[in-house]
Amino acid sequence: MTENFKILILEDNPDDVKLLKRELYKADYNFISREVDSKSNYLKELKNFQPDLILSDYSMPQFTGLDALKIAKEKYPDTPFIIVTGSLSDELAVRCLREGAWDYVIKEHLPHIRMAIKNVLSLKAENDKEKILEQELIDSEEKFRTLFNSSKDAIMTLEPPDWLFSSGNPAILKMFGVKNLEEFLSLKPWDISPKTQPDGQLSIDKAKKMIKKALNEESSFFEWTHKKINGDNFPATVLLNKVKLKDKILLQATVRNISEQKKAEEKLKLLAVAIESALEAIVITNKLGKIEYANQSFEKLTGITKQNALDTKIFDIVNDKQRVKFQKDFKRISQAGQYYNNNIEIKKNNNRNFSAQMTLSPVKMENGEIINIVSVFRDITYEEELEEQLRQSQKMEAIGTLAGGIAHDFNNILQIIFGSLGVAKNHTGQNKELEMALEQATHASKRAKDLVSQILTFSRKIKKQKRILKISTIIKEELKLIRSSIPPNIKITKNINNTCCPIMADPSQIHQILLNLCTNAYHAIKDKEGSIDVILEQFNSDTDFNTLFTKLKAGSYAKLSIIDTGEGIDKKTKNRIFDPFFTTKDIDKGTGLGLSTVLGIIKDCSAGIKVNSEPGKGTEFIIFFPIIEFGETETTTIDENKKISAKGNILFIDDEVKILQVIKLGLESFGYTVNTQSNGKEAISYFHNNYESFDLVITDQLMPGIKGIDIAAQIHEIRPDIPILLYSGFAGDYEMEYLEKIGIRQLVPKPIGINELAKIIQDVLN
């Protein structure tokens, strides 16, 4: 190609001009160009620029490619003229060629422009030579034959009346798989076609129609399925031109194999289907953020139709608070070509937001120019909820471990206080003031005991005596007690299904749940008129379902709902309500352990909990207890007024010397004989030497060197008939059946009052 090859481009779409010039650059043409978009500018540049090649769009406002072609033919008849258009019917294509266009290229197949230019420039060069050497007809014909033979398209002639092949170029051999041209010329057109075409027509019938059309209209252009000699089919385009040679009418057929083009189209179709089927939203925007394409998942996630999306920008779907920063990030990517990967809040068309993970990627041309941005995002709300549940579970587990660790030492301290207060109360005589002071101290100690019990319940470090029970009965009993402690401005309504199947739990656990949740509801309503609704119903689920912290399996559940009309809970607070020691109440109205205790009970019962609340709209706690198909058991009570008749020799084992002292003093005040030991192993040895002198053994569970349960086992081996009490603030997770096998008659909670301990000893000895 010579330098400064001049190309005149007639096109009214600037983007199409860019794409066209890009293809010219790819062909390594050394050219200069002028771009015009009107008739007046076109006439001006034809005169001043004198192009070597004209590339013209067909459809333009008030000016067509045919108009431009006629003008060019009048002024510069030898200048190659190529039509470049978005679409062109067969008739118009033929007309353009007949009017003098050298070739045409559909914009959808724009890369063909390089071959088209190459061909027309070759033809122009040939024409130039023919003009210079028009007298040398033989040379001119030879050069045409060379072009004919070198064409990658198969070119052949057909002669009437049977329209058999009469000539062809070498490209026929490769395209149809024949050994030589003579073999091909022995075939008929239907021999190189399958029996039928894709539209169902017989090839022989459809071929005759196309031949007739070419004869009537001078040419015919169409797609066709051809067949090689070996039987393999391939897609092609066919151009039939009517040719008059002397007094003879011929048809010239130009066949182009478009297999690669079809494969590319199929890949594009597959890619389009894949993008439309993707679960992630995929959006293509220009550099300014205007959406040019959105897939089906975009519509599902945002609620914005694909059509409406084309009128918006990508920034419009981002949460208002994050939009400014997102626009800055987008601008940086569109300019610098960086990549973006971040979590962001997306707005739906119903004004509800959801969390999404979004990536932005620049689309670059071969020269590095960024032309588009691809955005991909997906809803990660469920993933964030799972992460939050995991964080909460880990936090609760850590605090639970800490709670279990300190409970034993704390209970030891409380036991000394309880024991000392019990002894002191038994010796007050008639001193009413002293008795009242001791009673207040005892009451405060019981509050401390309850606090430790809640910590252990929340952390599930305390073993409850669960059994089959009818939850409806317990709820009714507890609501009677709760009613007396709640002000009359708050109405309590209950809707209890008495036929609800039983559950497995400790009755005290159900009492704690109701007490804590109803107390919270009362504090949420405060002094206003309001109501607390308690609903028990049977709930059946055919599929697994999620609750806070727990995924429950499909099945039947006792569904307990506590609903209040209080002030409600905001989202930030709701995320923390189960945290131990977190409270929004005044310092004298709560410890922050109520809901933590409820959560511990729910986990212990393999149950689940949900919380629904919004500020100003009240709160609903829903608990799902797994039900079982068995009957309930009855509870037993201890008569606290039963007279103690103290008699017996007791071995008391505890590593806390002060506890030994206060328990010994207290029990001996009832008439028991108490021998104390502070070392577990020494206590076993002492019992071995004096086993006949003892009526009962009490041992602490957690002691240095040996656990109380192991002490009990060894004492049981020495004397199987002696009753043993396991005494601890944290006994561990042991089944009562196993404890009974090693002689343990009862678990005694620490701390415990002297009077209560004396009653337990009396019951066991009796």
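Just so you know, the residues in each chain are numbered from 1, in the order the chain's sequence is written. Restriction of local features to residues with pLDDT of at least 70 applies here, the model being predicted, together with a cutoff of 80 or more for giving and counting side-chain atom pairs; totals for whole chains, interfaces and linings are based on all residues. Side-chain metrics in this entry use all non-hydrogen atoms of the structure; hydrogen atoms and water are not considered.

Enquirer: Would you mind going over the sheet that holds strand β27 (residues 649-653) with me for this structure?
Expert: The strands that make up a sheet pair up through hydrogen bonds in the backbone, lying either parallel or antiparallel. Pairing within the open sheet is parallel, and its five strands lie in the order β28-β27-β29-β30-β31. Edge positions in the open sheet fall to β28 (673-677) and β31 (744-749), since each of these has one partner strand only. The average angle at which neighbouring strand axes cross in this sheet is 20°, direction not considered. Strand contacts of helix α21 (residues 680-689): β27, β28 and β29 (696-700), with the helix running at about 155° to β27, the strand carrying the most contacts. Contacts: residue pairs with any heavy atoms within 4.5 Å of one another. Axes here mean lines fitted to C-alpha atoms, for a helix over just the part in contact, with angles spanning 0 to 180 degrees between N-to-C directions. The secondary structure listing takes helices from DSSP runs of H or I that are at least 4 residues long and strands from runs of E that are at least 2 residues long, numbered from the N terminus. Sitting on the sheet, helix α22 (residues 708-718) touches β27, β29, β30 (724-728) and β31, and the angle it makes with β30 is about 170°. By definition, two strands form a pair when at least two bridges between them are found by DSSP.

Enquirer: Sorry if this is basic, but what is going on with the packing of aromatic side chains here?
Expert: Note on aromatic pairs: each is described by the distance of the centres and the angle between the planes. We call Phe, Tyr and Trp rings a pair once their centres come within 6.5 Å, taking the six-membered ring for Trp, and we label the pair stacked below 30 degrees between planes, edge-to-face above 60, and tilted otherwise. For the coordinates displayed, the defined rule picks out 20 aromatic pairs. With centroids separated by 5.9 Å and ring planes inclined at 55°, the aromatic side chains of Tyr42 and Phe63 adopt a geometry described as tilted. Of this pair, Tyr42 sits in helix α2 (residues 39-49) while Phe63 sits in strand β5 (residues 63-64), and the two are 21 residues apart along the sequence. Across the pair, exposure class does not vary: Tyr42 and Phe63 are buried alike. Lysine and arginine charges are scored as sitting over a ring when NZ or CZ, respectively, is within 6 Å of the ring centre and within 35 degrees of the ring normal. Lying across the ring of Phe49, Lys6 places its NZ or CZ 5.6 Å from the centre. Looking at Lys208, its charged tip hangs above the ring of Trp190, at a distance of 5.9 Å from the centre. For every residue, the accessible area (1.4 Å probe, protein chains only) is compared with the maximum for its type, and the residue is labelled buried under 20%, exposed over 50%, or partly exposed between those bounds.

Enquirer: Could you clarify how one ought to interpret unusual backbone geometry in this entry?
Expert: Excluding glycine, most residues fall at negative phi; most peptide bonds, likewise, are trans. Between Pro160 and Pro161 the backbone carries a cis peptide bond, its omega angle lying at 5°. When you line up the elements, Pro161 lands in the loop between β8 (154-159) and β9 (164-168). Unlike most non-glycine residues, Ser606 shows phi in positive territory, near 55°. If you trace the backbone, Ser606 turns up in the loop between α19 (594-604) and β25 (608-613).

Enquirer: Teacher, can you tell me more about the nonpolar core here?
Expert: The tendency in soluble globular proteins is for nonpolar side chains to be buried side by side. Counting residues in hydrophobic clusters, the biggest one holds 44 residues, and the most contacted among them are Ile475, Ile503, Ile532, Val534, Leu560, Phe578 and Phe625. Among the elements that take part in this core, helix α17 (residues 507-525) stands out by supplying seven residues, more than any other. Every residue in contact with Ile503, bar those within four places of it in the chain, is listed here: Arg467, Ile468, Leu469, Ile471, Ile510, Ala558, Phe625, Pro626, Ile627 and Ile628. Working definition of a nonpolar core: buried Ala, Val, Leu, Ile, Met, Phe, Trp, Tyr and Cys residues. They are joined through side-chain atoms within 4.5 Å. Ile7, Tyr58, Phe81 and Tyr104 belong to the second-largest nonpolar core, a separate cluster that totals 42 residues.

Enquirer: Looking at this model, I keep getting lost on the pattern of salt bridges. Mind explaining?
Expert: Side chains that differ in charge, positive against negative, can pair when their charged atoms come close. A pairing counts as a salt bridge when a side-chain nitrogen of Lys or Arg comes within 4 Å of a carboxyl oxygen of Asp or Glu. Per the counting criterion, the structure on display carries 26 salt bridges. One salt bridge connects Asp199 with Lys206, and the closest N-O pair in it is separated by 2.8 Å. Overall, Asp199 belongs to the partly exposed group, its relative accessible area being 43%. Residue Lys206 is classed as buried on the basis of its relative accessible area, which comes to 16%. When the shortest N-O distance is used, the salt bridge between Lys347 and Asp320 registers 3.3 Å. Remark: Asp320 occurs in helix α13 (residues 320-336) and Lys347 occurs in strand β15 (residues 340-347); sequence separation between them is 27 residues. Taking relative accessible area as the criterion, Lys347 reaches 23% and is therefore assigned partly exposed.

Enquirer: Just checking my understanding: could you explain a negative patch on the surface for this structure?
Expert: On the surface, Asp379, Glu384, Glu385 and Glu387 cluster together into a patch of negative charge. The element that contributes the greatest number of residues to the negative patch is helix α14 (residues 381-425), accounting for three residues. Structurally, the position occupied by Glu387 is in helix α14. According to the relative accessible area criterion, Glu387 is partly exposed, its value standing at 43%. A patch is a set of surface residues, each over 30% in relative accessible area and not in a salt bridge, joined within 9 Å for like charges and within 5 Å for the nonpolar side chains Val, Leu, Ile, Met, Phe, Trp and Tyr. For accessible areas, the Shrake-Rupley method is used with a probe of radius 1.4 Å. Any residue's cover is judged against the shown protein chains and nothing else. Counting rule for charge: Lys and Arg are taken as positive, Asp and Glu as negative, and neither His nor the chain ends is counted. By convention, the point assigned to a charge is CZ for Arg, NZ for Lys, CD for Glu and CG for Asp.

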